[in-house]
Structures are given as C-alpha cells and as structure tokens.
Amino acid sequence: MKIIRPYHFRTWLISLLVVTSLFTFLVVGTIILLVKIPQIRQTHQTAVVQAANEITNRIETVLNFVESDLELVGHALAHMPERDLQSAISHPQKGRFDAFYLIHGNGQLAAAYIRNADPERWQELTGLDLSRNILFQEAIISNRAIWSDRYLSVISGQVTEAVAIRASENGDVIIGELSIRQQINLDNSFASNRSISFSILDSNGEIIADSDPEMMRQTFMPQINQIAQTRNSAGLGHAVINDVAYDIASNYSDILGWYFTARVTTGLHNPEIRSLTEIVVACFGGSLIIGLIMVPFWAHVMVSPLRGIVEHASRTARGETLAPRKSGSVQEFNRLSSDLDRLALAVHIRQQELARLNDSLEQRVCERTAELEHINTELSSTLQALSLTQDELIQSEKMAALGRLVAGIAHELNTPLGNGRMAVTTLADQNTTFAKTLETGLRKSDLTDYIAQVQTLTTMIERNIMRAGDLVSSFKQVAVDRTSSHRRRFSITEVIDEIILTLTPSLKNQPVSIEKHIEADVTLDSFPGEFGQIITNLIDNALVHAFDPDQNGTIAIHVSRDVLRENSVILEVRDNGKGMTSDVLDHIFDPFFTSRMGTGGTGLGLSITSNAVNSLLGGAISATSTPGEGTCFRIICPIIAPENTPAT
C-alpha cells in the first residue's frame, strides 16, 4: 500500500495558489503565442510576397534606364566613321558601365572601353573575333535588349553581368558590362518590413546580388534556387539557410530572365516572434516571482482562522473544557467551529456513559468467559465425536468397497468353477461309457472319439481352473494391499491390470468399457493398496455419477512421465460422461459432499481419494470438467513416496 506523505495546509495552499496562477498564465500565454505567431507569420508572408513584386518592378525600371543609356551610346557610335570610333568611345562621360564595346555584324570588335584600364589594352582588343559570344548571337537576331547571366567577360576579365543591344540595321551590336549590385541599392529600403532580405538569381540559380553581405560570399544557394525554380501558385516557400528558417517569396522577370526573391526569418529567428516569446516568458517569470512573494502572505491570512480552530479542537481532544470560539469573517469556519463545540459536548456526554458502562463491564466479561468455556468444552466433545464418526465412516466405506469386490469376485468365480464342474461330470460319464465299450468290444473309432472328448474336456477344465486361479490371485493381492497398506516396490501396469480384472464382474451389466493407455511402465516405491484404492474410487465415481443407466461410455486410464517434474508420474482417469458444473467441481473433494445424497452416495469416495493422494502418496490431485464433455481427474504422484508418510 502506497503511503501518502502528509503536508501542512499552508504549504498545500501555497502550492495550489502558485500552481493555479502559473497554470492560468501558462494557458493564456500559450493561447497568445498560438494566436499571434500565425498572425505575425501571415503578415510577414504577405509582406514578403509584396516585396518580391516591388523589387522586380523597381529593378526592371532601373535596368530600363540602363538599356536606354546603352541604346543611345550604341546609335551614336553606329553612325560614326570607323576611324573615329575608338577616339569617341575612349572618352566617355561618367556613366553606369564598367565596360562597353561595339561589335560589327561579322563579329569583329570595332572599339572597346574598360574603366580603370590602360588605353593600350583597348587598342589591343580591336579586331577581336566575338562572333561566338552568346550575347552577340542573341542580340543580332533580337529587337530588344538581351541581359546575360553572370559570366566571365573576355574583355574586362571580370565576373560581371552585361546587356546587349543591336545598334544598327547592318548588325552592329553594342554590349555594356556593369555590376548590378553596384547599380542598385539593394537594401531594406525596398520593403516596409525591415526584416525582409532580397536576392537576385540568374537563370542558372547563381546569386547576382543580395542584400545580405554574408550571402554575397556564396555564388550559389540551392535552398533559394529550388524555391525560385519551383514558382508554386502561392509564390511562397520555406527553407533553412545557415541554420536560420526563412519564408521565401519568388518572382520571375520575363524581361531579364532572372529570379527576384524576398525572404523573411520565421520562428524564433524572426525578431517580432522572438520579442513576443520573450515578453510572454518574462511575464511568466515575473508572475512566478510575484506569486512566490505574495502567495505566502495570502496563505497566512487564509490559514490563520483555521489554525485557531485546529488548536481549539486539539485542546478539546486532550480533555480541556474551553469556552466556545468567537465567530470570524468566514462563514464556513464559523460553522466548523460550532460543529466542533457540539461534537466536544457530545463526546463529554458519551464519556460519562462509557464510565457507567465500564463499571459493569468486568462482571459481564467474566460471565461471558464462563459461558464461552462451557461452549468450548461442548464443541471439543462434539469435534472428537465427529472425528471418530468420520474415521468409522471412512473404514466402513473401505470395507464396503472391499465387500463389493468380494461379491464381484465370488460371482465371477462361480462361472469358471461351474464350467469346470460340468466338464468333470461329463468326463466321468465318458469314462463310464468307455468302460462299458471295453466289455463289449473296443473299436478304433470309439477309442479315437474317447481320446478327443477327453482332450477337449481336459482343456476346458484347465482353462477354467486357471481363470479361477487368476481371479483368486488378483483378489488376494488386492485384498492384502487394501487391508495392510504395506509399502513395497510394484509395477504400475500390474496394479492397473489387477484393478481392471477385479472390476470386470461389476462392468458386465453396464455398457461402459475401461481402456488403458500406459506410455511408460514405471516401478513405484509406494503403497500399492492405496494406489489401487484411488483408481477404484475414481472408476466407481465415474460409473455412479458420469453415466445414466444404459448409457454407453468409456473410462480411460492414462499413465505418463511428468516432463516438468523429475521423478514423478502422471495418472489421469477420464470419462466421456455428463461432466460437472463449476459449483459441483469446487466441492467434489469435500467430505460428505455428494450430488446423489439419499440414493446411495456417502460423499466420502473422492475425499478418501484426495487424502490418500496428498498425505500417503505425497502427490497432488485436481479435476477438470465441462458439462456434456466428461471429467478428467489428474494425479501427480512421486515415484518414491515420502519417508515420513504415515501408514493407515
């Protein structure tokens, strides 16, 4: 039994108040977080989608101006004489491009400008074949500006982005190289939410520009690229970059062929969500501190009246006579105090009554003790008489069983002895006839008939005498075993055969057969008389209770080794009769219990069997039965009976 450790009411009340307040705030804080965090995330997702659209529109606008500037330069250069191109392109005004160059329709470089490069380098590039340049090939057949992905320029030797425009009808193309990240101020000014970051990816997924300097150190970001390439209907995705969770919105520019993405941190990485969580946790901690400070005071105020009531009740229980307590401000405490005062008065009255009763208690105890001693004497005498009666009934039952055995054997002996007597009489008649035949003359056929008849009668006499001898021998052994209860070594098969042989006469008038199934012929060092009595009682019990008159049935005796218990044997007596209900099965081994009281049943057969198995053989007996399916008695018996077993 689990013992519950008692607590002071004040401690319990403090714990209850603290737990209640903290649980309430925990529930409220959890509800706030569960409601506000999805709202904040929904707001940020809406903002990030809007920011992706805004950055796309703004950068397309900025790059349209770049295209316009390059287109003006291209038209101007396309109408200049060949000899003036390099001179004109070598003195550009301050512009957006890090480099730009004019390519004739045949792919030959006409003139080039590279910022912060030696003019001699420009001269060296003149005449370079750029016919295989992808931008040149696309621009010469297109009527609009063509933007490149990130690539390594053969002109400037830098990794950059470029725009190409066909400058004239004869196929001249002008290409301008510029750093997008330097041309646009890609920072948080693109969105109202300062926690939004931006990325620009080319068609290959490489980062062209990013508002986060840490991201610019990487040229490829597979998490962002996968979301940008997917372009789902919601325009949103979720990714973890550098152990930080983001909600990412992507927008594709058909004009530039680039992906514009906006991202915002989510979960505890988001400043608003983290701030809200910190506020809730801080409030929870603050309420815990305030509760730990205030709750003891509240508990003291609430417990103080109750403590006075407890002290008053304790003093009353020690026998002190106290005046009624004054009423307080709590009605329940006033009622409790009043009830305790009434209880104290009732206890005082009861104590006086008990004192009066105690005066006469000793005399009543003495009278009751004398009465109990008289009853105990009578019970002892009755018990002894019952014990003697039970022993006499048990011996009577044994002798009755032996008497039935004698009657059966006597009846069975009558048949072989009668047959033998008839054979002897017939043989005497044959001798007389043979003697007369000798006087009148003996023929060979007469001698042959006489010899044949004598042989037949002799065989019949011998067989019946042997049958009678077997019966007498079996009965003698069984009778000796039953009456003496001597311990000896015996074969379990021989005892069972003798029992079946002695019971055969009683089975002649019943359609019940006995079968035996002996898996191992075991030699027991035990009491054969009691062992045979057990089998006889179980068979008799089956004949009396298991079958109706004229009902066909089978009683099977099974013997096998006990595989679970070493040096033990299992004896089972089974029948296929009526079976027993659970109520009857629970009492079958009780003395004087019988289901056929008044019709010849004494209720001692199975009780004697159980006592013999348990006390004399040192074994155990059990029974299983199902109504309509028969009964099985199972006996587990040691091969060697216990030495301290008393003989009966």
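Structure: see above.
All of these numbers come straight from a predicted model, not from anything done at the bench.

Peer 1: Could you clarify how one ought to interpret the overall build of the protein chain in this entry?
Peer 2: Broken down by element type, the protein chain carries 14 helices and 18 strands. Among the 648 residues that make up the protein chain, the fraction classed as buried is 38%. Long-range pairs, those at least 24 residues apart, make up 63% of the contacts in the protein chain between residues at least 6 apart in sequence. Counting only carbon and sulfur atoms, one obtains 56% of the accessible surface of the protein chain, whose full area is about 38100 Å².

Peer 1: Sorry if this is basic, but what is going on with the sheet that holds strand S9 (residues 236–241) here?
Peer 2: To summarise the sheet geometry, strands pair through backbone hydrogen bonds and adopt either a parallel or an antiparallel arrangement. As summarised here, the arrangement of the 5 strands in space is S8-S7-S11-S10-S9, forming an open sheet in which the pairing is antiparallel. Pairing within the sheet leaves two strands with one partner each, and these edge strands are strand S8 (207–210) and S9. Neighbour to neighbour, the strand axes of the sheet diverge by 30 degrees on average, direction disregarded. In terms of strand pairing, strand S7 (residues 196–201) meets strand S11 (residues 259–265) through 6 bridges, oriented antiparallel. Residue pairing for S11: Leu-201 is matched across the bridge by Tyr-259.

Peer 1: Would you mind going over the pairing of S8 with me for this structure?
Peer 2: Regular strands show a simple pattern: their side chains alternate between the two faces of the sheet. Taken together, the 3 bridges between S7 and S8 define a ladder with antiparallel strand orientation. Looking at the pairing, Ile-200 lines up with Ala-209 of S8.

Peer 1: Got a minute to help me understand the side chain of Thr-56 in this structure?
Peer 2: As for its position among the elements, Thr-56 is in helix H1 (residues 9–78). Judged by its relative accessible area of 3%, Thr-56 is buried. A distance of 3.2 Å separates a polar atom in the side chain of Thr-56 from a polar atom in the side chain of Asn-251. Setting aside chain neighbours within four positions, we find Thr-56 in contact with Asn-251, Ser-253 and Phe-260.

Peer 1: I keep staring at the sheet that holds strand S16 (residues 568–575) and nothing clicks. Help me out?
Peer 2: Read from one edge to the other, the open sheet built from 5 strands follows the order S13-S15-S16-S18-S17, with strand pairing classed as mixed. The open sheet is flanked by strand S13 (512–518) and strand S17 (620–626), the only strands paired with a single partner. Taken pair by pair, the neighbouring strands of this sheet meet at an average axis angle of 15 degrees, ignoring direction. Of the pairings in the sheet, the one linking S17 to strand S18 (residues 630–638) comprises 7 bridges and is antiparallel in character. Following the sheet pairing, Ala-623 is matched in S18 by Phe-633. Contacting S17 and S18, helix H14 (residues 605–616) runs over the sheet at an angle of about 140 degrees to S17.

Peer 1: What am I meant to see in the packing of aromatic side chains here?
Peer 2: The relation between two aromatic rings is expressed through the spacing of the ring centres and the mutual angle of the planes. Taken as a whole, this structure holds 6 aromatic pairs when the rule is applied. Where Phe-97 meets Phe-100, the ring centres are 6.2 Å apart and the plane angle is 70 degrees; that geometry is what we call edge-to-face. Phe-97 sits in the buried class, given a relative accessible area of 8%. Overall, Phe-100 belongs to the buried group, its relative accessible area being 8%. By way of ring pairs, the aromatic residues Phe-97, Phe-100 and Tyr-113 are connected into one cluster. Residue placement shows Arg-263 over the ring face of Tyr-246; its charged tip is 5.8 Å from the ring centre.

Peer 1: Where do I start with the environment of Leu-585 in this structure?
Peer 2: Checked against the element boundaries, Leu-585 lands in helix H13 (residues 582–585). Along the sequence, Leu-585 and Thr-624 sit 39 residues apart, while their C-alpha atoms lie 7.6 Å from each other. Apart from the residues within four sequence positions on either side, Leu-585 is in contact with Met-580, Ala-623, Thr-624 and Ser-625.

Peer 1: Any chance you could explain the nonpolar core here in plain terms?
Peer 2: Generally speaking, soluble globular proteins have nonpolar side chains that are buried together. Counting residues in hydrophobic clusters, the biggest one holds 54 residues, and the most contacted among them are Tyr-101, Trp-147 and Trp-258. Considering each element in turn, this core owes the most residues, 11 residues, to H1. Residues Ile-499, Ile-514, Leu-538 and Val-569 belong to the second largest nonpolar core, which totals 42 residues.

Peer 1: How should I be thinking about unusual backbone geometry in this particular structure?
Peer 2: The general pattern is negative phi for most residues beyond glycine and trans for most peptide bonds. For Asn-567, which is not glycine, the phi torsion reads 60 degrees and is therefore positive. By the secondary structure assignment, Asn-567 is in the loop between strand S15 (553–561) and S16. Residue Asn-567 is classed as exposed on the basis of its relative accessible area of 52%.

Peer 1: Even after reading the chapter, I still don't get the packing of helix H12 (residues 528–546) against H14, so can you show me in this structure?
Peer 2: Packed helices, taken two at a time, are described by their axes: the angle between them and the distance between them. Where H12 contacts H14, the two axes come as close as 9 Å, and the packing angle between them is 150 degrees. Relative to H14, H12 is oriented roughly antiparallel. Crossing angle aside, the handedness with which H12 passes H14 is left-handed. Residue-level contacts link Glu-530, Ile-534, Asn-537, Leu-538 and Asn-541 of H12 to Gly-605, Leu-606, Ile-608, Thr-609, Ala-612, Val-613 and Leu-616 of H14. Class assignment of the residues belonging to the contact of H12 with H14 gives a composition of 7 nonpolar, 4 polar and 1 charged.

Peer 1: Teacher, can you tell me more about H14 here?
Peer 2: Within an α-helix, residues lying three or four positions from one another point in the same direction, as the helix has 3.6 residues per turn. With 12 residues, H14 ought to run about 16 Å at 1.5 Å a step, and its terminal C-alpha atoms sit 16 Å apart, in line with that. Phi for Gly-618, located one or two positions after H14, is positive at around 75 degrees.

Peer 1: Explanation requested: H12 in the structure shown.
Peer 2: The end-to-end C-alpha distance of H12 is 26 Å, a good match for the 27 Å that 19 residues give at a rise of 1.5 Å each. Summarising burial for H12: 16 of the 19 residues are buried, a large majority.

Peer 1: Is there a simple way to think about the environment of Arg-144 in this case?
Peer 2: Within the secondary structure, Arg-144 sits in the loop between helix H4 (134–139) and strand S3 (146–147). Taking the C-alpha atoms as reference points, Arg-144 and Arg-166, 22 residues apart in sequence, are found 7.8 Å from one another. Those residues in contact with Arg-144 that lie beyond four places of it in its chain are Ala-164 and Ile-255.

Peer 1: Looking at this structure, I do not really get the pattern of salt bridges. What am I missing?
Peer 2: Side-chain pairing between opposite charges can occur once the charged atoms of the two side chains come close. Applying the stated criterion to the full structure yields 9 salt bridges. Taking the shortest distance from any N to any O, the salt bridge between Asp-548 and Lys-578 comes out at 3.2 Å. Taken together, the residues Asp-548 in the loop between H12 and S15 and Lys-578 in the loop between S16 and H13 connect sequence positions 30 residues apart. The exposure class assigned to Asp-548 is partly exposed, which follows from its relative accessible area of 38%. For Lys-578, a relative accessible area of 38% puts it in the partly exposed group.

Peer 1: Whenever I open this one, a nonpolar patch on the surface confuses me. Can you help?
Peer 2: Taken together, the side chains of Val-19, Phe-23, Val-27, Ile-31, Leu-34 and Val-35 present a nonpolar region at the surface, about 570 Å² in accessible area. Following the sequence through the fold, Val-35 ends up in helix H1.

What counts and how
- Sequence positions are assigned chain by chain, starting from 1 and proceeding in written order.
- Reporting in this predicted model follows two pLDDT cut-offs: at least 70 for local features of residues, and 80 or more for side-chain atom pairs to be given and counted; totals over whole chains, interfaces and linings ignore these cut-offs and use all residues.
- Only hydrogens and water are set aside when side-chain values are computed; all heavy atoms of the structure are taken into account.
- Comment: elements are numbered from the N terminus, with helices defined as DSSP H or I runs of at least four residues and strands as E runs of at least two.
- Between buried and exposed lies partly exposed: a residue is buried under 20% and exposed over 50% of the maximum accessible area for its type, with that area taken using a 1.4 Å probe on protein chains only.
- Residues count as neighbours in contact if any of their non-hydrogen atoms are within 4.5 Å of one another.
- For the area figures, the Shrake-Rupley method with a 1.4 Å probe applies, and any residue is considered shielded solely by the protein chains shown.
- At least two DSSP bridges between two strands are needed for those strands to be called paired.
- In this description, a line fitted to the C-alpha atoms serves as the axis of each element, helices being fitted only across the stretch in contact, and the angle between N-to-C directions of two axes falls anywhere from 0 to 180 degrees.
- What qualifies as a polar contact is a pair of N or O atoms within 3.5 Å, subject to a donor-acceptor requirement within protein and to the restriction that residues adjacent in sequence count only when both atoms come from side chains.
- Two aromatic rings, drawn from Phe, Tyr or Trp (for Trp, its six-membered ring), form a pair once their centres lie within 6.5 Å of each other, and the interplanar angle then sorts them: stacked below 30 degrees, edge-to-face above 60, tilted otherwise.
- Should the NZ of a Lys or the CZ of an Arg lie within 6 Å of a ring centre and within 35 degrees of the ring normal, that charge is described as sitting over the ring.
- The set of buried Ala, Val, Leu, Ile, Met, Phe, Trp, Tyr and Cys residues whose side-chain atoms join them within 4.5 Å is what this entry labels a nonpolar core.
- With respect to orientation, any angle under 35 degrees is reported as roughly parallel, any angle over 145 as roughly antiparallel, any angle of 65 to 115 as roughly perpendicular, and every other angle as oblique.
- Here a crossing is called left-handed whenever its near helix is offset anticlockwise from the far helix by less than a right angle, and right-handed whenever the offset is clockwise.
- Charged residues are taken to be Asp, Glu, Lys and Arg, nonpolar residues to be Ala, Val, Leu, Ile, Met, Phe, Trp, Tyr, Cys and Pro, and polar residues to be all remaining types, Gly included.
- By definition here, a helix of n residues has an expected span of 1.5 Å times n minus one.
- Each salt bridge in this description consists of a side-chain nitrogen of Lys or Arg and a carboxyl oxygen of Asp or Glu lying within 4 Å of one another.
- The residues that make up patches have over 30% relative accessible area and no salt bridge, and they are joined within 9 Å when like-charged or within 5 Å when they are Val, Leu, Ile, Met, Phe, Trp or Tyr.

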